[in-house]
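Coordinate analysis (summary)
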Amino acid sequence: MAVVCAVPARVAFIRWNFFLIGSLDELVMDGAWLWLKLTGQAVTATYDDTNPIVQSECAAVFIPTWQEASVIGSTVRHALSVWPDAKLRVYVGCYCNDPDTIGAVISASSGDPRVRVVVHDREGPTTKADCLNRLYQALIDDEKRHGIKTAQIILHDAEDMVDPAALPIIQNAIPHYDLVQLPVLPVKQPDYPWISGHYQEEFAEAHGKAMVVRDALGAAMPLAGVGCAISRPMLGKLAATKADRMPFSAECLTEDYELGLGVAELGGRSRFIRQRHRNGDLVATRACFPGRLEESVRQKTRWIHGIAFQSWDRLGWKAQPSEIWMRLRDRRGPFTALVLAIAYVLLVLSVLSWTLSANGFGAPASLTAALKTILFLNFLSFVWRACMRFAFTTREYGWREGLWAVLRIPVANIIAIMAGRRALAAYLSTLKGKLPQWDKTDHLAHPASMRAEGTR
């Protein structure tokens, strides 16, 4: 029984050391963000709607879809209503074996000539990147056929609710930058507060702090896949570097992430832009993220597989210190999942050990002075992390959601563990020759519909 008591203490020393290293990384990020705020380098500007941009060139929106009949109609209708620009072109990619989505797009567009329904000649699903390449080809065809000039390509997903100010902000920024990313604000589904809600705090902190620091350091800007835009000339340059002359890597599961790093490779300038409306609302893309555990795990599996495993293979590392730091942070998902899994196993063993010791079965595990110090430092780090999560979530969603954010920390950890294990299995399958496939998330709710129904 003494062995049972000793194991947790030995494993704890290793586990808490790893947690301490991760905590130091987050503290450096927090310190950098605080420095930017205190020195006035991270000011969130107020959107000026008094001087609308008159764009002489077209803006193209790419929306790849696969079995999105339940939400794509709301996305298209809302985008067309809040972005009345006559030069806007919305390219919606569909598959020939998905007639429901095609029908939903046609119905939502109501004959608006700005909408282009692009039907892929291959049966779906392939990959999101492959669908985007088909949209890129359609854009080239339109440019040649009608002699139009496109200034920027804006990327969105089928479930997005675009911000009215996003288009003019992008149009104003693209002449000065090759790549622009605006924040993303997840919308909690009332029926699934624990799963769908945990995306709120993750994006609030990532797009309120980490991306701000990344932008200030001048590191490569990974795209979120929505609410982002790339200049037309830069997209052409990216396409020219590929053997198939297509800008998106069809075999890549996180083409948005790779696209952002690809722009940096070509010397392009990127910018993360945070602005607020006069009423204080953040200019951001809003979307309903998965509400069920299985769907959330599947989505994050794709993110970890693409960013942590595929990008390591495909993109490697860069010598610049800021790039090394950021890519380490990007690719730590599998390792974080492993450490978290060990932590929860250790928690069970510790409770078992203490219970047995309290009932006279063996001596309690002794803690060394070093382990006590590490435990104390990690406890302080956890309290700090919880406070930061509360603060960033409260800023965008209110104090009640800030409290929810702290309570949902274990939920986020469990999802990370499950997704990390699944991503590793998927990656090993590709090493055996299995082709990656669009393992997409099912979307049933849309923010625009929720607002109309009075659920927000």
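Residues numbered from 1 in each chain as written. Predicted model: local features only at pLDDT ≥ 70, side-chain atom pairs only at ≥ 80, totals over all residues. Heavy atoms only, no water.

We now examine the overall build of the protein. Each helix and strand in the protein was counted, giving 15 helices and 12 strands. Its C-alpha atoms give the protein a radius of gyration of 23 Å, within 12% of the compact-globule value 23 Å for 456 residues. C-alpha atoms of the protein, sized along the principal axes, occupy 85 × 50 × 50 Å. Counting across all 456 residues of the protein, residues that qualify as buried make up 52%. Element-wise, carbon and sulfur atoms account for 62% of the exposed surface of the protein, whose accessible area totals about 20900 Å². Seen as two clouds, the 50 positive and the 44 negative side-chain charges of the protein have centres 4 Å apart. (Helix = DSSP H or I, 4+ residues; strand = E, 2+ residues; numbered from the N terminus. Rg over C-alpha atoms; globule rule 2.2 N^0.38 Å. Buried < 20%, exposed > 50% of the residue type's maximum accessible area, 1.4 Å probe, protein only. Areas by Shrake-Rupley, 256 points an atom, 1.4 Å probe, with all protein chains shown as cover. Lys, Arg positive; Asp, Glu negative; His and termini not counted. Charge placed at Lys NZ, Arg CZ, Asp CG, Glu CD.)

Further remarks concern the packing of helix 2 (residues 72-82) against helix 3 (residues 99-109). Axis separation between helix 2 and helix 3 bottoms out at 8 Å; the angle between their running directions is 25°. Our classification of the angle between helix 2 and helix 3 gives roughly parallel. Remark: the crossing between helix 2 and helix 3 carries right-handed chirality. Every residue of helix 3 that contacts helix 2 at Ile72, Gly73, Val76, Arg77 and Leu80 is listed here: Thr101, Ala104, Val105, Ala108 and Ser109. When the residues that make up the contact of helix 2 with helix 3 are grouped by side-chain class, the tally is six nonpolar, three polar and one charged. (Axes fitted to C-alpha atoms, helices over the stretch in contact; angles between N-to-C directions. Parallel < 35°, antiparallel > 145°, perpendicular 65-115°, else oblique. Left-handed = near helix turned anticlockwise from the far one by under 90°. Contact = heavy atoms within 4.5 Å. Nonpolar A, V, L, I, M, F, W, Y, C, P; charged D, E, K, R; others polar.)

Turning next to the sheet that holds strand 9 (residues 228-231). As summarised here, the arrangement of the seven strands in space is 4-3-2-5-9-7-10, forming an open sheet in which the pairing is mixed. At either margin of the open sheet sits one strand with a lone partner, and together these are strand 4 (115-120) and strand 10 (270-272). Neighbour-to-neighbour, the strand axes of this sheet turn through a mean angle of 20°, independent of strand direction. Strand direction decides the pairing type here: strand 3 (residues 88-95) and strand 4, joined by six bridges, are parallel. If you follow Gly93 over to strand 4, its bridge partner there is Val118. Where helix 7 (residues 232-240) meets the sheet, its contacts fall on strand 5 (150-155) and strand 9, and the angle it forms with strand 9 comes to roughly 75°. (Pairing = 2+ DSSP bridges.)

Quick look at the environment of Asp49 now. Among the secondary structure elements, Asp49 is positioned in the loop between strand 1 (45-46) and strand 2 (58-64). Residue classification places Asp49 among the partly exposed positions, given a relative accessible area of 48%. Separated by 218 residues in sequence, Asp49 and Gly267 place their C-alpha atoms 32 Å apart. Side-chain polar atoms of Asp49 contact the side chain of Arg278, separated by 3.5 Å. (Polar contact = N/O pair within 3.5 Å; in protein donor to acceptor, adjacent residues only side chain to side chain.)

With that settled, consider the confidence of the model for the protein. The pLDDT averaged across the protein works out to 87; a share of 90% of its residues lies at or above 70. Below pLDDT 50 for its whole length, residues 1-8 participates in 14 contacts with residues either more than four positions away or in separate chains. (pLDDT = per-residue confidence, 0-100.)

In this section: the sheet that holds strand 12 (residues 285-288). With respect to topology, three strands assemble into an open sheet ordered 6-12-8, the strand pairing being mixed. This sheet does not close on itself; its edge strands, each paired only once, are strand 6 (160-161) and strand 8 (184-187). Examined bridge by bridge, strand 8 and strand 12 share four bridges and lie parallel to one another. Within strand 12, the position partnered with Val187 by the bridge is Cys288.

Along an α-helix, residues three or four apart share an orientation, since each turn contains 3.6 residues. Here helix 2 lies mainly inside the structure; eight of its 11 residues are buried. If you check which residues of helix 2 are buried, you get Ile72, Gly73, Ser74, Thr75, Val76, His78, Ala79 and Leu80.

Burial runs high along strand 3: eight of the eight residues are buried. The alternating pattern of strand 3 places Leu88, Val90, Val92 and Cys94 and Arg89, Tyr91, Gly93 and Tyr95 on opposite faces, both of which are buried. Relative to strand 3, strand 2 runs parallel, the two being bridged by six bridges. Of the residues in strand 3, the one forming a bridge with Val61 is Val90. Note that the unit made of strand 2, helix 2 and strand 3 has a crossover that is right-handed. The parallel pair strand 3 and strand 4, bridged by helix 3, forms a crossover whose chirality is right-handed. (Right-handed = clockwise from strand over helix to strand, strands pointing away.)

What follows covers the nonpolar core. In terms of nonpolar packing, the biggest core is built from 40 residues, with Phe62, Tyr91, Ile153, Leu155, Ile230 and Leu259 touching the most fellow members. No other element matches helix 4 (residues 128-146), which puts seven residues into this core. The contacts of Leu259, once residues within four sequence positions are left out, are Leu155, Leu223, Ile230, Leu235, Leu238 and Phe248. Counting residues in hydrophobic clusters, the runner-up holds 35 residues, among them Val90, Val162, Ile170 and Leu182. (Core = buried A, V, L, I, M, F, W, Y, C linked by side-chain atoms within 4.5 Å.)

With 29 residues, helix 12 (residues 369-397) ought to run about 42 Å at 1.5 Å a step, and its terminal C-alpha atoms sit 42 Å apart, in line with that. Within helix 12, burial applies to Leu371, Ile374, Asn378, Ser381, Arg385, Ala386, Met388, Arg389, Phe392, Thr393 and Glu396. Residue Gly398 follows helix 12 closely and has a positive phi angle near 100°. (Expected span 1.5 Å × (residues − 1).)

Turning our eyes to something else, we now look at the packing of aromatic side chains. One pass over the structure, following the stated rule, counts nine aromatic pairs. Considering the side-chain rings of Phe203 and Phe289, the 5.2 Å spacing of their centres and the 45° angle between planes classify their relative orientation as tilted. With Phe203 in helix 6 (residues 198-217) and Phe289 in the loop between strand 12 and helix 9 (293-315), this residue pair connects regions lying 86 residues apart in the sequence. Aromatic ring contacts, followed pair by pair, group Tyr199, Phe203, Phe289 and Trp303 into a single cluster. A cation sits over an aromatic face here: Lys188 above Trp404, 5.2 Å from the ring centre. Lys300 extends its terminal NZ or CZ atom over the ring of Tyr199, reaching a point 5.1 Å from the ring centre. (Phe/Tyr/Trp six-rings, centres within 6.5 Å; stacked < 30°, edge-to-face > 60°. Lys NZ or Arg CZ within 6 Å of the ring centre and 35° of its normal.)

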